[in-house]
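Spelled out, the chains give:
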Amino acid sequence: MSERGTFYITTPIYYPSDKLHIGHTYCTVATDTIARYKRMCGYDVMFLTGTDEHGQKIEEKAKEAGVTPQEFVDRIVEGEGGILDLWKLMNISNDRFIRTTDGYHVEAVQRIFKKMYDNGDIYKGKYSGMYCTPCESFWTESQLVDGKCPDCGREVKYAEEEAYFFRLSKYAEPVRELLLSGTFLEPASRVNEMIKNFIDPGLEDLCVSRTSFKWGIPVDFDPGHVVYVWVDALFNYMTALGYMNGERDGLEKYWPADVHMVGKEIVRFHSIIWPAMLMSVGEPLPKKVFGHGWLLLGGGKMSKSKGNVVDPYILAGRFGVDALRYFLMREFPLGSDGNFSNELLISRINSDLANDYGNLLSRTVAMVEKYFNGTLPTERAGADSDCELNTMAGELRGKYEKLMDSFQTQAALEEVFKVISRANKYIDETAPWVLAKDAANTPRLASVMYNLLETLRICTQLLTPFMPESTVKAADQIGVPAQLRTWEAAGNWGSLPADVTVHRGDTLFPRIDMDKELAELEKLEEEARREALPPVELEPQLAEKVDFDTFCKSDFRVVKVKSCEAVKKSDKLLKFTLDDGTGVDRQILSGIHKWYQPEELVGKTLVAIVNLPPRKMMGLESNGMLISAVHKEKGEEVLHLIMVDDSIPAGAKLC
Ligand code: MSP
């Protein structure tokens, strides 16, 4: 075992329901950075990540794709461009990877479930509530939106289902104490949230089995029930170390975990349900749960269904993995939300990596080559530690350590870059090109170069957890001997040999042309979005020609929706009252309720054909027809009303 002890850190295990996006990458890069930092400090680190493969959503997605759930998850986890590939690309240094479909995990979860059942913490009861049949989900009254399913907006009905429950209520007080004690949950602001929103209103027992779908771990003593996916998922942190199974090891060495890194929306599961279940099985609790914020896009959460995800493959391909990793850790404080944009990413790379760090490195190495043929002479004038720079670089490791230990990765990077900026200023102050003009200044010039190389060495070492590859290249250019590429040496100013030899190399972070790059990215992202859309089935075009005069007989007009309501007793029809520019309201009935809610259409500017003969539907008269575009996806018709610019007046004729 290492002198510093062990350090067990985990990411959440990801749902392999879609390709992962930059938000997931953020979570994993943050965890990887901390894991690498701890390894650098000398800890014996266990870093676990994996995939959470069960549940109704995966079952449905597999059905849609026409494959078995196992085939479906295998493709997203192990297939080309899948989760394993993404972590490889992003240089994620996890020691283990768990899949919840792994046999040892499945068996262990069955044993754990039985253990909680035997000790009386799991009991059989009835699950009741408002049920949405198409979504196969139960909702509480307060979760409903206007009395309807919050997911799909459809009617719900009261239903009951036999299920197992976990006595979460029994653990409310011990969990409250845990949350209030010490630093179990960070950032501290999340503690209040948990207590106010979940503990104070009263913890209810948790439904921990389902019978409405099959893709889960079967309750072995009651076939037909599958274990609730969060019970299955949370125990991954222990089964991956051999808990309740003989296939993995490390439990004694690494458990309890030092930190579970999780996104803010799953803090509740990790800081309430997880400790309660551990109390139930009598196992030690993790030392910390850290709830990080979200990466947002245009102020909202990224989601595949909203079509607003950012693809890490594209960004890493354009800017390099290290630049992307650096940006993610530098731009946003870990505990808060942050708004992602390509502009921010490019300006951060340009300012910090190309200008400040990259430039300092290439200028310094170029000067040592130019003035000393690459190797510093040992004769010096003045002390090697004659300025503020030396003090700042010498004190850097201490400041950095404090910040990294409290997961303030952004602030730690800020400290490193303060020193880098100071070094760039030091070049301007000492003007080496002036010193180089007079041979008498050679010892002083060597001193200045040494100070710069030493500063670069220390900063580069402290940047390694963030940019594991570029920092090796930078250390090669600086000429840092292998034995000095350590945490210890990062705390010792003056470690670099006096006669150090530099090696000029490629530019590590080329400057990016913002406008050109933004245009290129937009193109690539658009292509990716298009590729991700489900294949569209189109009606064949009509071969029969229509003469122009016949076409002109159809009177298409722009109309504005004054009001819109559902027609009683019809689940298809909407009744529109329209302004068609004549000053007299026009009524049109349209069978589009499946695709639109009436309230969302009020005020919209649409197109209608207005000279069709009147037609009666459900006893109401319809005078014309609204124009829509239709296509099919997966055999299902999809309809889009044609909406035009609101500046076009009602009654304008289409020609
Ligand atoms: N499977 C559960 C976790 C079980 S852990 C026992 C899950 N999976 S997830 O794939 O939906 O999310 C995994 C992690 O990615 C979560 O921590 C989540 O917060 C994080 N992120 C997903 N989108 C994100 C952003 N846009 N920004 C930051 N993190 C994001 O939840």
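Throughout what follows, the structure given in this document is the object of discussion. Quick caveat: nothing in here was measured; it's all calculated off a predicted structure.

Thresholds, definitions, all that
Residues numbered from 1 in each chain as written. Predicted model: local features only at pLDDT ≥ 70, side-chain atom pairs only at ≥ 80, totals over all residues. Heavy atoms only, no water. Helix = DSSP H or I, 4+ residues; strand = E, 2+ residues; numbered from the N terminus. Buried < 20%, exposed > 50% of the residue type's maximum accessible area, 1.4 Å probe, protein only. Contact = heavy atoms within 4.5 Å. Areas by Shrake-Rupley, 256 points an atom, 1.4 Å probe, with all protein chains shown as cover. Core = buried A, V, L, I, M, F, W, Y, C linked by side-chain atoms within 4.5 Å. Domains from an automatic or database assignment. Pairing = 2+ DSSP bridges. Near = heavy atom within 4 Å. Polar contact = N/O pair within 3.5 Å; in protein donor to acceptor, adjacent residues only side chain to side chain. Nonpolar A, V, L, I, M, F, W, Y, C, P; charged D, E, K, R; others polar. 1 Å grid on protein atoms, 1.4 Å probe; cavity = no way out; pocket = protein on both sides within 12 Å on 5 of 7 lines; lining within 4 Å. Points joined across faces, edges and corners; volume = space filled by probe spheres on them.

## Here's the deal with the overall build of the protein
On a plain count of helices and strands, the protein comes out with 22 helices and 25 strands. Considering only C-alpha atoms, the protein reaches an extent of 105 × 75 × 45 Å along its principal axes. Counting the 655 residues in the protein, one finds 51% classified as buried. Counting contacts in the protein only where the partners sit at least 6 residues apart, residues at least 24 apart contribute 73% of the total. When the accessible area of the protein is evaluated, it comes to approximately 30600 Å², of which 51% is carbon and sulfur surface.

## Description of the nonpolar core
Considering soluble globular proteins, one finds that nonpolar side chains tend to be buried as a cluster. Within the largest apolar cluster, 109 residues are counted, with the highest numbers of intra-cluster contacts made by Tyr400 and Leu452. Ranked by the residues each element gives to this core, the list is headed by helix α18 (residues 442-463), at 12 residues. The residues that make up this core include at least three from each of domain 1 (6-314) and domain 2 (342-533). Membership of the second largest hydrophobic core comes to 59 residues, among which are Ile98, Val106, Val191 and Tyr228.

## Quick look at the sheet that holds strand β16 (residues 536-537)
Overall, antiparallel pairing links the three strands, which are arranged β16-β24-β25 in an open sheet. Two strands lie at the open edges of the sheet, namely β16 and β25 (636-641), each paired on one side alone. Summarising the sheet, strand β24 (residues 628-633) and β25 pair through six bridges and their orientation is antiparallel. Bridge pairing in β25 places Glu633 opposite Glu636.

## Here we look at the site of the ligand
Looking at the ligand, there are 24 residues lining it, with Ile13, Asp52, Gly263, Glu265 and Leu295 nearest. Backbone polar atom of Gly23 to a nitrogen atom of the ligand: 3.3 Å apart, as the coordinates give it. In the complex, 96% of the free accessible area of the ligand, which totals 660 Å², lies under the protein chains. A total of four residues in the shell around the ligand trace back to one element, the largest contributor, which is helix α1 (residues 22-41). Looking at the shell around the ligand, its residues break down into 14 nonpolar, eight polar and two charged.

## With respect to the layout of surface pockets
Over the atoms rolls a probe the size of a water molecule, and its path tells where empty space is left. By volume, the second largest pocket is sized at about 380 Å³. The wall of the second largest pocket is formed by 18 residues, among which Leu589, Ser590, Gly591, Met625 and Leu626 lie closest to the centre. At the level of secondary structure, the elements contributing two or more residues to the lining of the second largest pocket comprise β19 (586-590), β21 (615-617), β23 (625-626), β24 and β25. Class assignment of the residues belonging to the lining of the second largest pocket gives a composition of 11 nonpolar, five polar and two charged.

## Description of the side chain of Glu331
Mapped onto the elements of the fold, Glu331 is located in helix α13 (residues 321-331). Residue class for Glu331 comes out buried when judged on its relative accessible area of 15%. Apart from the residues lying within four places of it in its own chain, the contact partners of Glu331 are Leu344, Arg348 and Gln410.

Structural measurements only, silent on function.
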